[in-house]
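Chain by chain, the residues:
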Amino acid sequence: MNVEMPLEVIKTQAMREIEAKYDMPIDQVLKNLASEGLGKTEIGKKLHVNRRTISDWFDNLDIGEVEVKKFRKTPLMLGIEQRFKKLVEHILRNKYIDQKKSLPTVAHELRVDENTVRRWLSLFEIQLRSPQEGRALALEDPKKRKKMYRRPKKLRKKIAKSLKRYHRDRREKARNSA
């Protein structure tokens, strides 16, 4: 009877430090990071270890292929996560869904383009509001309501010119009749 026993992996100091930091076994840490869509280079940077070392750990720990989430986080996403100390998905859900902020407002607060926010909402499967829902939310805010119903600048200028002409004509008429 020749039964192969799994080899015990001798953990290095770096492995033990990472386990202590994340409070879980090193193989689980590596699987979690890989499932987030990070490559071995990004995992190495995040754990402050060489990419080759990460590759060796995957081999020695017999991790193999890991099911990756739908997409990889872009450097812009990672930068926002670092700035806000939260996951981008949580930030978007909080601002767009919970706080009911508009797409342009969320984009302004994150310092990114509106289309970027729209694409991220789609990635995280967060339902975009319809134009009617957006208008209804805007009408709830008194400042936005006033802005929505304000006349366009061209029209205001046209009315101002018309009023000036009207008052000028009335003054001339009053002078001529006196």
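Structural data are supplied above this passage.
Residues numbered from 1 in each chain as written. Predicted model: local features only at pLDDT ≥ 70, side-chain atom pairs only at ≥ 80, totals over all residues. Heavy atoms only, no water.

**Student:** Would you explain the overall build of the protein chain in this entry?
**Tutor:** What the protein chain contains, in helices and strands, is 11 helices and 0 strands. Mapped from its N terminus to its C terminus, the protein chain presents α and β elements in the order α-α-α-α-α-α-α-α-α-α-α. Computed over C-alpha atoms, the radius of gyration of the protein chain comes to 30 Å, more than 25% over the 16 Å expected from 2.2 N^0.38 for 178 residues, which places it beyond the range of a compact globule. Once the C-alpha set of the protein chain is aligned to its principal axes, its extents read approximately 125 × 30 × 20 Å. (Helix = DSSP H or I, 4+ residues; strand = E, 2+ residues; numbered from the N terminus. Rg over C-alpha atoms; globule rule 2.2 N^0.38 Å.)

**Student:** Honestly, helix α3 (residues 40-47) in this entry has me stumped. Any pointers?
**Tutor:** Within α3, burial applies to Ile43, Gly44 and Leu47. Buried residues of α3 fall within an arc of 100° about the axis and therefore sit on the same side. Where α3 is buried, its residues meet α1 (13-22), α2 (26-35) and α4 (51-60). Where α3 ends, the next residue or the one after it, His48, has phi of about 60°, a positive value. (Buried < 20%, exposed > 50% of the residue type's maximum accessible area, 1.4 Å probe, protein only. Arc of directions from axis to C-beta. Contact = heavy atoms within 4.5 Å.)

**Student:** Just to check I follow, could you spell out the nonpolar core for this structure?
**Tutor:** One recurring pattern in soluble globular proteins: nonpolar side chains tend to sit buried together. Judged by nonpolar contacts, the single largest core of 17 residues is most densely connected at Leu30, Ile43, Leu47, Ile54, Trp57 and Phe58. Looking at this core, the elements with two or more residues in it are α1, α2, α3 and α4. The element contributing the most residues to this core is α2, with 5 residues. Residues within four places of Phe58 in sequence aside, it is in contact with Leu30, Ala34, Lys40, Ile43, Ile63, Gly64 and Val66. In terms of nonpolar packing, the next biggest core, distinct from the first, is built from 16 residues, Met77, Ile80, Tyr96 and Trp120 among them. (Core = buried A, V, L, I, M, F, W, Y, C linked by side-chain atoms within 4.5 Å.)

**Student:** Looking at this structure, how should I read the side chain of Glu81?
**Tutor:** For Glu81, the location among the structural elements is in helix α5 (residues 75-84). Of the residues examined, Glu81 reaches a relative accessible area of 13% and is grouped as buried.

**Student:** Explanation requested: the environment of Lys46 in the structure shown.
**Tutor:** Within the secondary structure, Lys46 is located in helix α3. Counting along the chain gives 117 residues from Lys46 to Leu163, while the straight-line C-alpha distance between them is 66 Å. Residue contacts for Lys46: discarding those within four places in its chain leaves Tyr22, Leu33 and Leu38.

**Student:** What am I meant to see in the pattern of salt bridges here?
**Tutor:** Side chains that carry opposite charge are capable of pairing whenever their charged atoms lie near each other. The tally for this structure, following the rule as stated, stands at 7 salt bridges. Between Glu81 and Lys73 there is a salt bridge whose closest N-O contact spans 2.7 Å. Glu89 serves as the salt-bridge partner of Arg93, at 3.2 Å between the closest nitrogen and oxygen. Of this pair, Arg93 and Glu89 both sit in helix α6 (residues 88-98), 4 residues apart, roughly one helical turn. The partly exposed category is assigned to Arg93, whose relative accessible area is 34%. Its relative accessible area of 29% is what places Glu89 among the partly exposed residues. Members of the salt-bridge network, linked through shared partners, are Lys95, Lys101 and Glu109. (Salt bridge = Lys/Arg side-chain N within 4 Å of Asp/Glu carboxyl O.)

**Student:** Honestly, the environment of Thr116 in this entry has me stumped. Any pointers?
**Tutor:** Within the element layout of this structure, Thr116 appears in helix α8 (residues 114-123). Sequence separation between Thr116 and Ala14 is 102 residues; the distance between their C-alpha atoms is 37 Å.

Interpretation in functional terms is not warranted from these geometric data alone.
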